[in-house]
Amino acid sequence: MKIVDAKVVVCSPGRNFATLKVITDEGAHGLGDATLNGRELAVASYLTDHVIPLLLGRDPSRIEDLWHELHKGAYWRGGPVTMSAIGAVDLALWDLKGKALDTPVHNLLGGAARRGVTVYGHANGTDVDAALDAARGYLDLGYEAVRLQCGVPGLDRTYGVGRGDLYYEPAQEGMPLQETWSTDAYLRMVPELFAAARDQLGWEVRLLHDVHHRLTPIEAARLGKSLEDYGLTWLEDAVPAELQEGFRLVRQHTTTPLAVGEVFNRITDCHTLITEQLIDYIRVTPAHIGGLTPLLRVAHLAELYHVRTGCHGPTDLSPVNLAASAHFGLAVHNFGLQEYMRHTPETDAVFPHAYTFADGMLHPGDAPGLGVDLDEDAAAAHPYRPAYLPVNRKLDGTVHSW
Ligand code: KDG
Ligand code: MG
């Protein structure tokens with residue numbers, strides 16, 4: 001089998017997605033998710049101008065060899081654009097291998113290790129009551145775990161608070177929105193949210209919270225301590241993790257479980273976090289870590305150190321990435337929990353898929369490969385529209401992590 005053609009399709013069925021399609025001489029095609037929120041065209045160019053020419057004529061079954069060639073062969077290693085491009089190729093090759101062998105990708109990864117992939121939904125609202133109402137909505141849909149986010153008194157908007165329904169989209173068309181931030185107001189709000197949640201929702205539901213990289217280690221330590229009585233499943237991205245050692249301080253002070261990794265793109269971004277047991281869940285995702293090939297390596301390292309997986313699964317990655325996470329989560333031994341935000345009906349129409357949700361779990365389905373297709377005619381009806389994530393500033397105007 002040989003690769004005879006490949007292309008990148010960029011479309012915007014409600015939000016932007018970049019998808020790599022790799023075609024073989026036997027007429028099969030594999031899909032990879034090349035979406036990098038707000039930088040979609042950079043990954044598309046990396047693939048079209050620099051990677052696709054290298055793929056033509058190559059044997060798509062040699063996934064490991066092609067991965068290392070793309071990673072080491074460019075000399076310039078790592079970074080979100082490069083690794084998203086390599087990730088798209090890797091996913092497309094796993095998809096093709098499954099189709100060639102007429103088996104779902106989870107079977108290639110060792111086979112099902114559980115009944116399904118337990119997921120968490122995003123419950124949020126402008127205030128505590130609205131967030132808890134949203135959480136009840138998820139429980140009614142069968143979710144066992146919900147992430148709770150709510151507005152911060154005194155701030156117009158904050159991370160994680162959407163439009164009040166099941167669909168959340170922080171990227172806005174046009175130039176980035178400016179949001180404001182107060183650490184003090186936030187640190188007062190979060191314990192109140194979780195006290196009310198345990199009071200009103202009880203203890204059966206698993207609860208999570210995303211700090212979205214906004215605290216220093218000592219602030220995160222204080223937040224973690226203040227949440228201990230509410231038994232969170234995880235506190236996510238408590239501090240920016242470029243400095244992996246920063247998690248030592250957080251860990252020394254709190255038993256609240258810690259999760260991190262959605263912006264990581266190499267195993268070296270998390271090796272200290274894992275080997276020093278500074279975290280409980282590693283949240284790297286197939287598309288951004290460079291595909292299923294390196295994701296398996298991260299998971300196997302993590303397993304040695306009692307760290308479980310919790311792949312990032314936002315709606316700003318396409319159903320191709322979600323399917324890859326579902327196959328991985330079904331098969332990998334140290335799976336923890338999967339984020340599942342639900343794509344909009346427009347997105348699902350462009351990406352028909354075999355995965356299904358029932359009883360709080362995703363199942364990747366048994367279609368050969370990843371089990372996701374791309375309806376190119378439907379995609380063509382939704383052309384790319386520039387859109388960016390917001391920029392965040394403290395009340396005095398200083399730029400802060402969003
Ligand atoms: O593009 C940025 C989003 O993927 C991110 O804000 C979502 O933090 C996120 C999450 O946990 O889903
Ligand atoms: Mg997050």
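Since we're looking at a predicted model, the values are computed, not measured.

A. Structural detail: the environment of Val-298. Tracing the chain through its elements places Val-298 in helix 11 (residues 292-304). You can call Val-298 buried: its relative accessible area is 1%. With residues near it in sequence (within four places) discarded, Val-298 still touches Ile-267, Cys-270, Ile-274, Ile-282, Val-284 and Ile-289.

B. Region of the structure containing the site of ligand 1. The immediate surroundings of ligand 1 are formed by 15 residues, with Asn-37, His-212, Glu-236, Glu-262 and Glu-339 found nearest. Take Asp-210: an N or O atom from its side chain is 3.1 Å from an oxygen atom of ligand 1. One of the side-chain nitrogen or oxygen atoms of His-312 is found 3.2 Å away from an oxygen atom of ligand 1. Calculation on ligand 1 without its partners gives an accessible area of 330 Å², and the protein chains cover 93% of this total.

C. Molecular detail of the sheet that holds strand 2 (residues 17-24). An order of 1-2-3 is seen for the 3 strands of this open sheet, with the pairing classed as antiparallel. Strands at the two margins of the open sheet, each flanked by one partner only, are strand 1 (3-11) and strand 3 (29-33). Each strand axis lies, on average, 20° off the axis of its neighbour in the sheet, ignoring direction. Across 5 bridges, the pairing between strand 2 and strand 3 is antiparallel. Within strand 3, the position partnered with Leu-20 by the bridge is Gly-32. Across the sheet, helix 1 (residues 40-55) is in contact with strand 1 and strand 2; its angle to strand 1 comes to roughly 175°.

D. Expanded view of the environment of Trp-94. Inspection of the secondary structure puts Trp-94 in helix 3 (residues 80-100). Using a relative accessible area of 12% as the deciding quantity, one classes Trp-94 as buried. For the pair Trp-94 and Ala-135, spaced 41 residues apart in sequence, the C-alpha to C-alpha distance is 36 Å.

About the thresholds
Residues numbered from 1 in each chain as written. Chains lettered and ligands numbered in written order. Predicted model: local features only at pLDDT ≥ 70, side-chain atom pairs only at ≥ 80, totals over all residues. Heavy atoms only, no water. Helix = DSSP H or I, 4+ residues; strand = E, 2+ residues; numbered from the N terminus. Buried < 20%, exposed > 50% of the residue type's maximum accessible area, 1.4 Å probe, protein only. Contact = heavy atoms within 4.5 Å. Near = heavy atom within 4 Å. Polar contact = N/O pair within 3.5 Å; in protein donor to acceptor, adjacent residues only side chain to side chain. Areas by Shrake-Rupley, 256 points an atom, 1.4 Å probe, with all protein chains shown as cover. Pairing = 2+ DSSP bridges. Axes fitted to C-alpha atoms, helices over the stretch in contact; angles between N-to-C directions.

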